[in-house]
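Summary of structural features
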Amino acid sequence: MTLQPGPRLPLRNPARGLPALILSGLCVAGPAVAVQEPFPEPLTLESALALAPRDLPTEVLSRQYQETAIRARAFECRAQDRPQGPEEGVAGGCGYWHLLTPEQQSRLQLVRLFLDVVEADVAMAREDEAMAVAYVELDRARSREELGQYSTLKRSGLDMEYQKVRKTRSVSQARQRVTRSLLAAAVGRPGQLPSDVEAPVMPAWPEDLPAIDDLLAQAVDRNPVLADWRGRVDTDVAAAPLAAQLELDLRQAVLELWLSYSALRVRRDADVSQEDYRDLSLERNRTLYELEAKADLGDAMTQQTAARLARVETDHRIFLLLATLNALRGMPLLPVAGEEEA
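Cut-offs and rules
- Residues numbered from 1 in each chain as written.
- Predicted model: local features only at pLDDT ≥ 70, side-chain atom pairs only at ≥ 80, totals over all residues.
- Heavy atoms only, no water.
- Helix = DSSP H or I, 4+ residues; strand = E, 2+ residues; numbered from the N terminus.
- Areas by Shrake-Rupley, 256 points an atom, 1.4 Å probe, with all protein chains shown as cover.
- Expected span 1.5 Å × (residues − 1).
- Salt bridge = Lys/Arg side-chain N within 4 Å of Asp/Glu carboxyl O.
- Buried < 20%, exposed > 50% of the residue type's maximum accessible area, 1.4 Å probe, protein only.
- Contact = heavy atoms within 4.5 Å.
- pLDDT = per-residue confidence, 0-100.
- Core = buried A, V, L, I, M, F, W, Y, C linked by side-chain atoms within 4.5 Å.
- Phe/Tyr/Trp six-rings, centres within 6.5 Å; stacked < 30°, edge-to-face > 60°.
- Lys NZ or Arg CZ within 6 Å of the ring centre and 35° of its normal.
- Axes fitted to C-alpha atoms, helices over the stretch in contact; angles between N-to-C directions.
- Parallel < 35°, antiparallel > 145°, perpendicular 65-115°, else oblique.
- Left-handed = near helix turned anticlockwise from the far one by under 90°.
- Nonpolar A, V, L, I, M, F, W, Y, C, P; charged D, E, K, R; others polar.

1. Examining the overall build of the protein
Secondary structure summary: the protein contains nine helices and two strands in total. For the protein, the exposed area adds up to about 17300 Å²; of that, 56% sits on carbon and sulfur atoms.

In structure tokens form, the structure reads like this:
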């Protein structure tokens, strides 16, 4: 199955209006560098992965750290090595980061950063909606206050709520720019913020993953880090026990990801149910709002977009989990679902 690009997000672009010097990708400090081509419009996940150069400084450092860490058996159970969310409760091993090559780590991190940008855009849409509704309600209250229909206290309360929403929106706007900056650095273009980012379409997630025994057999047979250390056995006396420990870590990591998938699928069903309810609730409240029989349309709109954001975040966690599972089995990160390798 080929991952197809999703619909373009009609969201506010934080990069527009930035100084031309930043958008050109030039650095203010340091030696002059050649002007780079602008990011594709829109930027897709596949194009971002294609843009990333090989042997980034992070990859070189990762190779040095990984060699030392594996020999010292100094693995850390870090949060970034685990699926995110309540399903973390199934994790008990030392993660999977040391079981990936530096190149796999770099590409997986880039996927994470790209999806962070998408989530930041959806969150910004939620705050834009909330701020627009809050402003309309405040403006209406000001008019009614002048007519003596609203008290100053009531108008002041709506003004206070509007300022709260405005403050939250400023945080979301900053997150849009921060996530874009991190993504730009991950593809070797620090300071050149991508403009339009196109969310990938999430495939139809299978109800269950393949049998755990099959996944374990594939991982043990194909994992590139394990294969590398097995290949050192004849020339390195320490390689055999280290390879054995890596196999144990690999088996534990695959098992934890397999268990986490089931938890995420249940969570996604709950997210979809909530999103459907919020859609229906918004339609009802919109009708009442137009009739001025109900004044909480802002809450309904915010809750509807928040429900969408929750479902998007869960989809992204599943996406990252399956991409990681592909990498541990020595397969390409994408596509994350579809035809299994023979």
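Now, onward.
2. Description of unusual backbone geometry
Put simply, Glu41 and Pro42 share a cis peptide bond, and its omega is -5°. Position of Pro42 relative to the elements: it lies in the loop between helix 1 (20-23) and helix 2 (45-51). Cis geometry is found at the peptide bond from Leu334 to Pro335, where omega equals 0°. Tracing the sequence through the fold places Pro335 in the segment after helix 9 (297-328).

3. A few points about helix 4 (residues 102-146)
If you check helix 4, its first and last C-alpha atoms are 65 Å apart, about what 45 residues at 1.5 Å a residue would give, namely 66 Å. Of the residues one or two after helix 4, Gly148 is the one with positive phi, at around 80°.

4. Digging into the pattern of salt bridges
Summed over all chains, the structure comprises 14 salt bridges. In this structure, Glu145 engages Arg155 in a salt bridge whose closest nitrogen and oxygen atoms are separated by 3.0 Å. With Glu145 in helix 4 and Arg155 in helix 5 (residues 152-186), this pair connects stretches of sequence that are ten residues apart. Glu247 is the salt-bridge partner of Arg230, the closest N and O atoms lying 2.9 Å from each other.

5. Topic: the environment of Gln173
Within the secondary structure, Gln173 sits in helix 5. In this structure Gln173 comes out as partly exposed when scored by relative accessible area, which is 22%. Through-space distance from the C-alpha of Gln173 to that of Asp121 is 8.6 Å; in sequence the pair is 52 residues apart.

6. Looking at the side chain of Arg155
On the accessibility criterion, Arg155 (19% relative accessible area) is buried. Apart from residues no more than four positions distant in its own chain, Arg155 is found in contact with Leu138, Ala141, Arg142 and Glu145.

7. Concerning the confidence of the model for the protein
On average, residues of the protein score 79 in pLDDT, and 74% of them reach the 70 mark or higher. When the elements of the protein are averaged for pLDDT, helix 1 gives the smallest value, 32, and helix 6 (residues 212-222) the largest, 97. pLDDT under 50 marks residues 1-34. Its contacts with residues more than four places away, or in other chains, come to 68 contacts. Segment residues 77-86 is flagged for pLDDT under 50; beyond a separation of four residues in sequence, or across chains, it makes 26 contacts in the model.

8. Thoughts on the environment of Val165
Counting through the fold element by element, Val165 comes out in helix 5. Taking the relative accessible area as the measure of exposure, Val165 reaches 18% and is therefore buried. Each C-alpha atom of the pair Val165 and Glu129 lies 9.9 Å from the other, and the pair is 36 residues apart in sequence.

9. Re the nonpolar core
Among the nonpolar cores identified, the biggest contains 58 residues, and Phe114, Val254 and Leu328 are the most heavily contacted of them. When contributions to this core are tallied by element, the ones reaching two or more residues are helix 2, helix 4, helix 5, helix 6, helix 7 (224-230), helix 8 (239-290) and helix 9. Element by element, the count of residues in this core is highest for helix 8, at ten residues. Aside from chain neighbours lying at most four places away, what touches Leu328 is Tyr96, Leu99, Leu100, Ala219, Asn223, Leu250, Ala253, Val254 and Leu257. If you look at the next biggest cluster of nonpolar residues, it comprises six residues, including Ala130, Met131, Ala134 and Val165.

10. Quick notes on the packing of aromatic side chains
Taken as a whole and judged by the stated rule, the model has two aromatic pairs. Ring centres 6.1 Å apart and planes at 50° place the aromatic pair Tyr96 and Trp97 in the tilted group. Cation over ring: Lys154 sits above Tyr150, and NZ or CZ is 4.3 Å from the ring centre. Lying over the aromatic face of Phe39, Arg189 brings its terminal NZ or CZ to 5.0 Å of the ring centre.

11. Section: the packing of helix 4 against helix 5
In contact at an axis separation of 8 Å, helix 4 and helix 5 are set at 160° when each is read in the N-to-C sense. Considering their axes alone, helix 4 and helix 5 lie roughly antiparallel with respect to each other. The interaxial crossing formed by helix 4 with helix 5 has left-handed handedness. Here the contact of helix 4 with helix 5 is composed, by residue class, of 19 nonpolar, six polar and 14 charged.

12. A closer look at helix 5
Counted at 1.5 Å a residue, the expected span for helix 5 with its 35 residues is 51 Å, and the 51 Å between its end C-alpha atoms agrees. Of the surrounding elements, those touching the buried residues of helix 5 are helix 4. Count one or two residues on from helix 5 and you reach Gly188, which has phi positive near 80°.

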